[in-house]
Amino acid sequence: MTQQIKSFDDYKAVYQKSVEDPEGFWAEQASTFTWRKQWDKVLDWNFTEPNVNWFVGGKLNITENCLDRHLETRGDQVAILFEPNDADAENITYTYKELHAEVCKAANALKANGIGKGDRVCFYMPMVPELAIGVLACARIGAIHSVVFAGFSAQALADRIKDATCKAVICSDYNSRGTKNIPVKKVVDDALSMDCDSIEMVLVHKNTGGELNMVSGRDKWWHDEVDGQSTACEAEEMDSEDMLFILYTSGSTGKPKGVVHTCGGYMVYTKYSFENVFQYQEGDIYWCTADIGWITGHSYIVYGPLLAGATTVMFEGVPTYPDAGRFWQTCEKLKVNQFYTAPTAIRALMAQGDQHVTKYDLSSLKVLGSVGEPINEEAWEWYHELVGKKNCPIVDTWWQTETGGIMIGGLGEHSPMKPAHAGYPLPGIQPCLMDADGKELEGNDIEGLLCVKYPWPSMLRTTYGDHERCRQTYFSAFENLYFTGDGARRDKDGMYRIIGRVDDVINVSGHRMGTAEVENAINEHELVVESAVVGYPHDIKGQGIYAYVIVSGDIEDEDAFRKELIQVVVKEIGPIAKPDKIQIVSGLPKTRSGKIMRRILRKVASGDTSNLGDTSTLLNPEVVDEIKDTALV
Ligand code: PRX
């Protein structure tokens, strides 16, 4: 295990060292791993192209570090502890030895089907152990995984398959969530009917069983391909900077982009951050409730915990099934020590009443984590008092798909805590705040645009197939800085408080959504002339989606029309992008150059029409009154 930080003074000293000598610091961390060949140079970088290389010339396989390395010391310890959707069903466990064997079998099955180093493999699966096994099997043979959250629509899945020209899709038959049995393979079939020419194979894991259409020559059963394989599979030797995975995420413009992470740096950073933020100790049971379809699941269900030799819980179900006590019931049953979830889940459960929490014994809990969006004070207090009984530190972790790992956050009990403040940067992370003119804001008690000055090992390297987009999006706003897209405050003690996105990205229940993406989907409806989407404060989701829509002709039944629009969005993106409110308008406020004035739309959507600023310079100031008068608040 890495040397863990053990006090706030310790943190300050380590942080200082990590900033004064980043290369020395990360080389020391990297030396705790198994490398086939040691790196020649720790870091080679510039933020102008950008071109960032960590552990240059180093050779490794991340699965040797997640699995093989643990076989002697903890082969019989549980690696994955699976909690099925059905609360009464037995837990399924995989020890490190068993997980190693299953990953090798799956890796051999992929190889037998012609998949090898550099090939892209798409996953569209529920939270079942085979998802983690499949992902690791790809990493074992050097194939690049691209996991698509199984709530996305066929269209969204097809877009992602095509963008990465994936060779195979691995999916389940059905997804068991709460009382629902959701057809997963059917979505894959629909996606593949949309010109996904690169796909040669669909590997189907039988989860719940049920009606299925298997296309001969293309579709194969996981059990037929995997079960008979050897439990040994030599790991492919990878370069530090070879791609490990692609994960799609939304931005302000255009289609979602494939964020690329590479092997060496991602490995070093996810383990280091996992061990320090959660203060994981030998024998602890750690549970992150995220889905592996998001970065949190990649870094802190699969890679970070397994690299650290932890026991990581994987949960198939939903927080409200069979009732709103499921999380706490499971914490009691599995004696969970570290629990990591999202503010939206906390708020939703809080609304269901304290009795769901108080009836369970939560004394095993040591650290509580929060991720994905700002946590409001009320939710923070509830989490701290009711769940943690004021004994557990709350680590509010700020990071992004692009950062690969936690950037700002507490280190277990060793950091000062303040509700709604993520806190201090992790060792090796050099954040700064900028003003809109590109000047760094020095000192404390200031607010600005959050950037990072220096590379860290798990940062994105590119956006798949479009490096220029990566440069434009993250490295062009400020010279020599990585721009996060977030605004933040540094308080008088130097603690960071994340305010939220400053671009056209909204955060709905911790899920990132590009407003342009939702608008494009809405515009697919034949009666829609133009639309504008903004976020507005939502009690449970953090932000809700508010759509302003201009239609052609008269709509007879507005409710029916709204339902149709929602259906279009579900079809184009998925249920997570459903607008909460749809206001039909005759025009959108535009500047003389034709740009939509979103500032006005955001204010109206949030119910604040008191001060809309100067609207006289608009091309069409008259629509502002109409929008205000018919607002859905
Ligand atoms: O706005 C920030 C918000 O989520 C964005 C990143 O979203 P995504 O790439 O989907 O990754 C989410 C999980 C790491 C950020 O730009 N965000 C994430 N964590 C926090 C947060 N906002 C406030 N506090 C956080 N702890």
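Residues numbered from 1 in each chain as written. Predicted model: local features only at pLDDT ≥ 70, side-chain atom pairs only at ≥ 80, totals over all residues.

**Side note on the overall build of the protein chain**
Of regular secondary structure, the protein chain possesses 19 helices and 30 strands. Relative to a compact globule of 633 residues, whose C-alpha radius of gyration would be 26 Å, the protein chain shows 24 Å and is just as compact. Taking the principal axes of its C-alpha atoms as reference, the protein chain extends roughly 75 × 60 × 55 Å. Looking at the protein chain as a whole, 52% of its 633 residues are labelled buried. Within the protein chain, residue pairs in contact and separated by at least 24 positions form 70% of the contacts whose partners lie at least 6 positions apart. (Helix = DSSP H or I, 4+ residues; strand = E, 2+ residues; numbered from the N terminus. Rg over C-alpha atoms; globule rule 2.2 N^0.38 Å. Buried ≥ 20, exposed ≤ 12 C-beta atoms within 10 Å, placed from the backbone. Contact = placed C-beta atoms within 7 Å.)

**Digging into the sheet that holds strand β16 (residues 285-288)**
By definition, the strands of a sheet pair up through backbone hydrogen bonds, in either a parallel or an antiparallel sense. If you trace the seven strands from one edge of the open sheet to the other, you get β5-β4-β17-β16-β18-β19-β20, paired in mixed fashion. On the outer flanks of this sheet lie β5 (92-95) and β20 (394-397), each paired with one strand and no other. For this sheet, the mean angle separating the axes of adjacent strands, direction not counted, is 20°. In this sheet, strand β17 (residues 311-315) lies alongside strand β4 (residues 78-83) in parallel orientation, the contact comprising four bridges. Its bridge partner lying in β17, L81 is registered against V313. Relative to β4, helix α5 (residues 129-141) is tilted by about 140°, and along the sheet it contacts β4, β5 and β17. (Pairing = 2+ DSSP bridges. Axes fitted to C-alpha atoms, helices over the stretch in contact; angles between N-to-C directions.)

**Quick notes on the site of the ligand**
Neighbouring residues of the ligand: 22 residues in total, closest P374, W398, Q400, T401 and I498. Sorting the residues of the shell around the ligand by element identifies α10 (295-307), β20, β24 (482-490) and β25 (496-501) as the ones contributing at least two each. Taken together, the residues of the shell around the ligand break down into seven nonpolar, ten polar and five charged. (Near = placed C-beta within 6 Å. Nonpolar A, V, L, I, M, F, W, Y, C, P; charged D, E, K, R; others polar.)

**So, the environment of A79**
Inspection of the secondary structure puts A79 in strand β4. In contact with A79, not counting residues within four places along its chain, are Y94, T95, Y96, L99, L306, T311 and T312.

**A few points about the environment of A290**
With respect to the secondary-structure elements, A290 resides in the loop between β16 and α10. Residues A290 and L81 lie 209 residues apart in sequence; the distance between their C-alpha atoms is 15 Å. Sequence-distant contacts of A290, that is, excluding residues within four places in its chain, are made with T296, G297 and I301.

**Observations concerning the packing of helix α4 (residues 96-112) against α5**
Here α4 crosses α5 at 65°, and the two axes come no closer than 8 Å. Once α4 is placed against α5, the crossing between them reads as right-handed. Taken together, the residues of α5 that come into contact with α4 (itself represented by E102, V103, A106, A107, L110 and K111) are I133, G134, L136, A137, C138, R140 and I141. Looking at the contact of α4 with α5 residue by residue, the classes come out as nine nonpolar, one polar and three charged. (Left-handed = near helix turned anticlockwise from the far one by under 90°.)

**Considering the sheet that holds β25**
The antiparallel open sheet is built from four strands, whose spatial order is β21-β22-β24-β25. Looking at strand neighbours, the two that pair on one side only are β21 (431-434) and β25, the edges of this open sheet. Strand-to-strand twist in this sheet, taken as the mean axis angle between neighbours without regard to direction, amounts to 45°. Relative to β24, strand β22 (residues 446-452) is paired through six bridges, and the arrangement is antiparallel.

**A short note on the packing of helix α6 (residues 154-163) against helix α7 (residues 185-192)**
Close contact between α6 and α7 brings their axes to 8 Å; oriented N to C, the two are set at 60°. In terms of orientation, α6 lies oblique with respect to α7. Our pair here, α6 against α7, has a crossing hand that is right-handed. In this structure, α6 uses A154, L157, A158 and I161 to contact α7, whose residues at the interface are V187, V188, D190 and A191. (Parallel < 35°, antiparallel > 145°, perpendicular 65-115°, else oblique.)

**Some points on helix α2 (residues 22-30)**
Within the span of α2, buried status applies to P22, W26 and A30. Seen from one end, α2 has its buried residues packed into an arc of 65°, which puts them on one side. Elements in contact with the buried residues of α2: α1 (8-20), β1 (41-46), β2 (51-56) and α9 (263-277). (Arc of directions from axis to C-beta.)

**Side note on the UniProt feature "domain: AMP-dependent synthetase/ligase" (unreviewed entry) in the protein chain**
Following the UniProt record, the feature "domain: AMP-dependent synthetase/ligase" (unreviewed entry) maps to residues 68-456 here. Helix makes up 31% of residues 68-456 and strand makes up 23%, while its end C-alpha atoms are separated by 26 Å. (UniProt positions renumbered as here; feature names shortened; annotations may be inferred.)

**Quick look at the pairing of strand β15 (residues 257-262)**
Of all six residues in β15, six are buried, a share of seventy percent or more. Residues K257, V259 and H261 of β15 are buried on one face, and the alternating residues G258, V260 and T262, pointing to the opposite face, are buried as well. Sheet topology note: the strand β14 (residues 243-249)/β15 ladder contains six bridges and is antiparallel. Note that in β15 the partner of Y248 across the bridge is G258.

**With respect to the domain arrangement of the protein chain**
Domain boundaries in the protein chain define domain 1 (8-488) and domain 2 (509-630). Relative placement of domain 1 and domain 2: their C-alpha centres are 32 Å apart. Across the contact, 19 residues belong to domain 1 and 18 residues belong to domain 2. At the level of secondary structure, the elements contributing two or more residues to the side of domain 1 that touches domain 2 comprise α6 and α12 (343-350). For the side of domain 1 that touches domain 2, the per-class residue count stands at six nonpolar, eleven polar and two charged. (Domains from an automatic or database assignment.)

**So, unusual backbone geometry**
The amide bond that connects E49 to the next residue, P50, takes the cis arrangement and shows omega of -10°. By secondary structure assignment, the location of P50 is in the loop between β1 and β2. With omega at 0°, the peptide bond leading from Y321 into P322 counts as cis. Looking at the element boundaries, P322 is found in the loop between β17 and α11 (326-334). Backbone geometry at Q279 places phi at a positive 50°, although glycine is not the residue there. Mapping Q279 onto the fold places it in the loop between α9 and β16. Phi is positive for A420, which is not a glycine, with a value near 70°. For A420, the location among the structural elements is in the loop between β20 and β21.

**Side note on the pairing of β22**
Bridge count for β21 against β22 is four bridges, and the pairing is antiparallel. For M434, the partnering residue across the bridge sits in β22 and is L449.

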